[in-house]
Amino acid sequence: MKRYTLLYILVAIGMATSAQTARTFKLFNSTDGESTLTCFLPENPSGRAVVACPGGGYSHLAMEHEGTDWAPFFNERGIAYFVLKYRMPNGDRNIPMSDAYQAIKTVRDSADSWHVNPYDVGIMGSSAGGHLASTVSTHAPWESRPDFTILFYPVISMDEKVTHKGSCVGFLGEGRYDKDLVRQYSNDKQVRCHVTPPAIILMANDDRVVPPVTNGVAYYTAMRNQGNECAMYIYPSGGHGFGFRSSYKYHDQMLNELSEWLKNLKSPATDAIRVACIGNSITEGHGIEMRSQLGYPARLQNVLGASYYVRNFGVSAHTLLNKGDRPYMKRQEWQFAQAFNPHIVILKLGTNDSKPQNWAYGKEFAYDLQQMIDTLKALPAKPIIYLATPIKAFENPYTINDTIIANEIIPIINKVAKKNKIQVIDLYDKVNSQDLLFKDGVHPNEKGVEQMAKIIADEIKKQN
């Protein structure tokens, strides 16, 4: 009797495991049919999705233990899982990059039919696949840029002296002798605040194929220095390429830690009201150590709650003026802010425009501001636009001129707002204490950004 009971339990477990995946199929991912996407859709979808890039030194692919073997792990957590068979570059980096870009775009384009949240699509990569995943995370256009990144013992650097030489040869070919190209695709050098997605990195200390310190640790360091969310786990041993192999000594621990990270990774609701925060260093969070979590847009998210999805598109030192020394409208963040298709925009620029070299073109400030407003008004979501004034500058360490801010820039903002029937959020008079600023007298400290978030949230809630 005990024998039959045990048999029944084993069959039941097998049925439960197979039931975690509701549907498996394969799609062509390139016009030549050489790149494919093997899709594993879960029985109980959470809305989250992961596209996996197996490794293989950009010469072959470890499709099982770094690819398809992971499907049950993700599907049992309600995560749609997709294994990318990308084409080998043979020195042409654009080949695997285009395959990865297309895979992310395909998942987002099919979000409704596959029960995927288009704002919760991540990428995973192992070894050279980790280089591809980190390349997508740092180089991709908005429609293909993932919302989170999972990296296993990743190749990050393209400097063959500190990384896996074969991956450099495969990805860059002769381009590996070009210092600018090496830097461009050494992805720890390409991490940027807010637009490089949160990441988790998992490696073994004794990896002698891809040195952890100059690759995975370097990526973590860059993420931390930029104030982005990132976790890193380095196991005592295991070498390189353990993937999903159950024989790996720390297999269960690794799965538990990855599972917890995924469980605690926040994802926006598909119907959330999208809020784009556009601005300079005050929006970016200059001086705030973990600005992706503690800057004013992050605090605005906390105040507004889960029915809103707030994104930070701030870039330090930039101007509204197109003839300024660093025009915001020439930045990728401006393109990303538009692609985000927000329902609400908080536009806060002008502080850096007060610098002498920039305000020399001050007569064009109203025109350039109107250009930004017209571009935003034309977006499909027809966003509500708020013009936030610059805050008071108590000091002048960056040649910022508070007199110009108060007497020239803010009056222009008010005039343009009136013309367009746009609400102005007065931060100049409401964030006006040196106690709310860092010692430079320009950038708000944690108390200051908290106050900014509350002021802005109050204005948003009045109209929504």
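Quantities reported herein were computed from a predicted structural model and do not represent experimental measurements. Each chain has its residues counted from 1, running along the sequence as written. pLDDT decides what is reported in this predicted model: residues at 70 or higher carry local features, side-chain atom pairs at 80 or more are listed and counted, and totals for whole chains, interfaces and linings draw on all residues regardless. In computing side-chain values, all of the structure's heavy atoms are included and hydrogens and water are not.

A. Structural detail: the pattern of salt bridges. In what follows, salt bridge is the name for a side-chain nitrogen of Lys or Arg lying within 4 Å of a carboxyl oxygen of Asp or Glu. Under the counting rule described, the total for this entry stands at 20 salt bridges. Arg176 is the partner of Glu160 in a salt bridge, and the nearest nitrogen-oxygen pair spans 3.1 Å. Taken together, the residues span a long stretch of sequence, with Glu160 in the loop between strand E6 (148-152) and helix H6 (165-172) and Arg176 in the loop between H6 and helix H7 (179-184) at a distance of 16 residues. Each residue is assigned to one of three classes by its accessible area relative to the maximum for its type, calculated with a 1.4 Å probe on protein chains only: buried under 20%, partly exposed between the two thresholds, exposed over 50%. For Glu160, a relative accessible area of 26% gives the class partly exposed. Residue class for Arg176 comes out buried when judged on its relative accessible area of 16%. Linking Lys462 and Glu459 is a salt bridge whose minimum nitrogen-to-oxygen distance equals 3.4 Å. Of this pair, Lys462 and Glu459 are both found in helix H17 (residues 446-463), three residues apart, which corresponds to roughly one turn of the helix. Each member of the salt-bridge network shares a partner with another, and the members are Asp32, Arg87 and Asp99. Runs of H or I in DSSP of at least four residues are treated as helices and runs of E of at least two as strands, each being numbered from the N terminus.

B. Representation of the pairing of strand E2 (residues 36-42) in the model. Most of E2 is tucked away, with seven of its seven residues classed as buried. In E2, alternate side chains face the same way, and those of Thr36, Thr38, Phe40 and Pro42 on one face and Leu37, Cys39 and Leu41 on the other are all buried. As paired elements, E2 and strand E4 (residues 80-85) share five bridges and run antiparallel to each other. Across the sheet, the residue bridging to Leu37 is Leu84, located in E4. DSSP-based pairing: two strands are paired if at least 2 bridges between them are found.

C. Inspection of the side chain of Asp402 at higher detail. Looking at the secondary structure, you find Asp402 in helix H16 (residues 402-420). Judged by its relative accessible area of 15%, Asp402 falls in the buried class. Between N or O atoms, a polar contact is any pair within 3.5 Å; within protein, one atom must be a potential hydrogen donor and the other a potential acceptor, and residues adjacent in sequence are included only when both atoms are from side chains. A distance of 2.8 Å separates the side chain of Asp402 from the side chain of Tyr428, its partner in a polar contact. Throughout, a contact is declared for two residues whenever any of their heavy atoms are within 4.5 Å. If near-sequence neighbours (up to four positions away) are discounted, Asp402 is found in contact with Lys392, Ala393 and Tyr428.

D. Main features of the confidence of the model for the protein chain. As a per-residue measure, pLDDT tells how confident the predictor is, with possible values from 0 to 100. For the protein chain, per-residue confidence averages 95 on the pLDDT scale, and 96% of positions sit at 70 or higher. Counting interchain partners and residues more than four positions distant, the pLDDT-below-50 stretch residues 1-18 has zero contacts.

E. Structural view of the packing of aromatic side chains. Any two of the Phe, Tyr and Trp rings considered here, Trp counted by its six-membered ring, make a pair once their centres fall within 6.5 Å; the pair's planes then place it as stacked at under 30 degrees, edge-to-face at over 60, or tilted in between. Scanning the model with the defined rule gives 27 aromatic pairs in all. With centroids separated by 5.0 Å and ring planes inclined at 85°, the aromatic side chains of Phe73 and Phe74 adopt a geometry described as edge-to-face. Residue class for Phe73 comes out buried when judged on its relative accessible area of 3%. A relative accessible area of 0% places Phe74 in the buried class. Through successive ring pairs, a cluster of aromatic residues spans Phe40, Trp70, Phe73, Phe74, Tyr81, Phe152, Tyr153, Tyr235, Phe242, Phe244, Tyr248 and Tyr250. The ring centre of Phe394 lies 5.5 Å from the NZ or CZ of Lys392, which sits over that ring. Ring-over charges, as used throughout, are those where CZ of Arg or NZ of Lys falls within 6 Å of the ring centre and within 35 degrees of the ring normal.

F. Just the nonpolar core, in detail. Residues enter a nonpolar core if they are buried and are Ala, Val, Leu, Ile, Met, Phe, Trp, Tyr or Cys, with the set joined through side-chain atoms within 4.5 Å. Counting 79 residues, the largest nonpolar core has Trp70, Phe74, Tyr81, Phe82, Ile150 and Phe152 as its most contacted members. Once residues within four sequence positions are removed from consideration, Phe152 is found in contact with Trp70, Met124, Gly125, Ser126, Ser127, Leu202, Phe242, Met254 and Leu258. Ranked by size, the runner-up nonpolar core spans 40 residues in total, among them Ile278, Trp359, Leu387 and Ile413.

G. The arrangement of the environment of Gln190 in detail. Tracing the backbone shows Gln190 in the loop between H7 and strand E7 (199-204). Classification of Gln190 as partly exposed rests on a relative accessible area of 22%. Between the alpha carbons of Gln190 and Thr138 there is a distance of 6.0 Å; along the sequence they are 52 residues apart. Not counting residues within four places of it along the chain, the set of residues in contact with Gln190 comprises Thr138, His139, Arg183, Gln184 and Thr196.

H. Fine view of the sheet that holds strand E9 (residues 273-279). The strand order across the open sheet built from five strands is E10-E9-E11-E12-E13, with neighbouring strands paired in parallel fashion. Of all strands in the sheet, those with a lone pairing partner are strand E10 (308-314) and strand E13 (423-425), marking the two edges. For this sheet the average axis-to-axis angle between neighbouring strands, irrespective of direction, equals 20°. In terms of strand pairing, strand E12 (residues 384-388) meets E13 through three bridges, oriented parallel. Looking at the pairing, Leu387 lines up with Val424 of E13. To obtain an axis, a line is fitted to C-alpha atoms, over the contacting stretch when the element is a helix, and the angle between two such axes runs from 0 to 180 degrees between their N-to-C directions. Strands in contact with H17 are E10, strand E11 (344-348), E12 and E13; relative to E13, the strand with the most contacts, it is inclined by about 160°.

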